[in-house]
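Chain and residue survey
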Amino acid sequence: MRTLLIAAALVGAAGARAQDTAKEIQRYRDMVAEGSPAELFEFEGEALWKKAQGPKNVSLERCDLGKGPGVLKGAYAGLPRYFKDADRVMDLETRLLHCMTTLQGRTREEATKRVFGNADRPSEMESLSAYIAAQSRGMKMAPGVSHPKEKQNIELGRALYFHRVGAWDFSCATCHGDEGKRIRMQELPVLYKPQPARAAMASWPAYRVSTSSFVTLQWRMNDCFRQMRTPEPNFGSETTVALIHFITATGAGATYAGPGNKR
Amino acid sequence: MKAGLLFLAVVLPAFAEPTGRDIEKLMQRDFHPRGQATMDRVVQDGVQRVCTESANRPPAELAKSLEAEQMKTISFPEGNLVGDWKRGEDIAQSGRGMTWNDPAGQSAGGSCYNCHQLSPKELSYGTIGPSLRGFGKMRGAGTDVQRYVYGKIYNAKAYNLCSQMPRLGASGTLTPQQIKDLVGLLLDPASPVNE
């Protein structure tokens, strides 16, 4: 049924003008805002959070996402931030990976084998992200910005945002640099400016209508680099975390409204 | 002495702003090759470096000399450069090519509609680049215009060093024949672009 509605919304908009398409997408967003497909991923994520696994056969329930072991309320809204035990800034997914390797004793290779899922089968990371992010709904987003390593990381993210590279000479700012610009029909938020960054970051991670799958910020960074025609960034690398940190810090103060829906 | 060091630590910033070289080293650590996307792609060339460092506003003299260097990468085919606009339209529509999941050796598209309006029949066009609707109608299809369009698509940086547009010929994305077909799309009076 949902797929039919999506198809109807999209087909109805084809051939219409850009404004009409944007309106159609907004209408669809409003329609599903009450009961988002993201909820299904949240349920799955809760089960995975509580599931004992790995060589140590323990769950993630003692994982410290920045508010203390096992505290989920508001944890997502405080990320990325510096973690003393790892001596680096981590976003949600990088921190989850850290907990999988330290608490559960899993190898990095095993835990990152399938970080991005698809419509048929979401990944563990995606479901966990949905579950954890949902518990910051309605809260002010306040990533770490005061520790020297946090400040340094945000500046690194800013430099990366404008760094032109790859087979087509792109930087993030090539597409996300000027307000009101689009790629085909897709409007692109200017993520180095507070207002558009707030709106964007308040809705990630999200259910993606066009692919019927749940997508995370690590996925977003990965797929942007793919389109920039660079090699592939490692999951949870300093590069991807710095970019996520920079954009989240730029949009700090937003009220978290996700996990939302995307085109 | 100890007090002096302490003093330094207080007045110096805790870190230096990352340079292009720092970013390059970071990317060499943080990325891995996949498919046709090899690691040489995270190394900036001169154009990318100058445009990054100058926030896309390079000093005029430097821009001029680097543009001249880029011009040398273009080899203009002999004769008429106006190819088949119908094939050109397909190339303009296609956004495939050069990513890590595009099979190497498969022909790529120009992603033109991602950023430009061209044929009035295509309503799904981007706005990062200028509208090219009516391009040939306004300029004709003389030898100089043909050369300009061919050259601009082959290597946009030869004309405007920090252009956002990819160097579609110089990067190996499009073949000379494909670029001629795009010249046809823009300049052929029968092309929908010139309706």
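Chains are numbered independently. Their residues run from 1 in the order of the written sequence. To label them, take the chains in the order written and letter them from A, then take the ligands in the order written and number them from 1. Restriction of local features to residues with pLDDT of at least 70 applies here, the model being predicted, together with a cutoff of 80 or more for giving and counting side-chain atom pairs; totals for whole chains, interfaces and linings are based on all residues.

For helices the rule is a DSSP run of H or I covering at least 4 residues; for strands it is a run of E covering at least 2, with both sets numbered from the N terminus onward. Tallying secondary structure elements over chain A gives eleven helices and eight strands in all. Per-residue burial over chain A gives 44% buried out of 263 residues. What counts as a contact is two residues whose backbone-derived C-beta atoms lie within 7 Å of each other. Looking at chain A alone, contacts between residues at least 24 apart form 69% of all its contacts between residues at least 6 apart. For the exposure call, what matters is how many other C-beta atoms sit within 10 Å of a residue's own: 20 or more marks it buried, 12 or fewer exposed, and in between partly exposed, using C-beta atoms placed from the backbone.

Residue and element names in this part refer to chain B. By domain assignment, chain B separates into domain 1 (13-66) and domain 2 (85-194). The gap between the C-alpha centroids of domain 1 and domain 2 is 26 Å. Counting from both sides, the interface comprises ten residues of domain 1 and, opposite them, eight residues of domain 2. Of all the elements in the fold, those that place two or more residues in the side of domain 1 that touches domain 2 are α3 (46-53) and α4 (60-71). We call Asp, Glu, Lys and Arg charged. Ala, Val, Leu, Ile, Met, Phe, Trp, Tyr, Cys and Pro are nonpolar, and the rest, Gly among them, are polar. Of the residues in the side of domain 1 that touches domain 2, the class split is six nonpolar, three polar and one charged. Start and end points for every domain follow an automatic or database-based domain assignment.

Residue and element names in this part refer to chain A. Strand order in the open sheet made by the three strands is β6-β5-β8, with mixed pairing throughout. Two strands bound the open sheet, and with one partner strand each, they are β6 (213-215) and β8 (260-262). Direction aside, neighbouring strands of the sheet carry axes that sit 35° apart on average. Note on pairing: two strands pair once DSSP finds at least 2 bridges between them. Fitted lines through C-alpha atoms serve as axes, helices being fitted only where they are in contact, and the angles separating the N-to-C directions of these axes extend from 0 to 180 degrees.

Residue and element names in this part refer to chain A. Mapped onto the secondary structure, E187 falls in strand β4 (residues 186-187). We classify E187 as partly exposed; it has 16 C-beta atoms within 10 Å. As for E187 and H176, which are separated by eleven residues in sequence, their C-alpha atoms are 9.3 Å apart. The contact partners of E187, leaving out residues within four places of it in the chain, are A22 and R182.

A few words on the environment of G129 of chain B. All names here are of chain B. Its place among the elements puts G129 in the loop between α6 (112-115) and α7 (135-139). Of the residues examined, G129 has 17 C-beta atoms within 10 Å and is grouped as partly exposed. Taking the C-alpha atoms as reference, G129 lies 8.3 Å from Q117; in sequence the two are twelve residues apart. Sequence-distant contacts of G129, that is, excluding residues within four places in its chain, are made with C115, H116 and M165.

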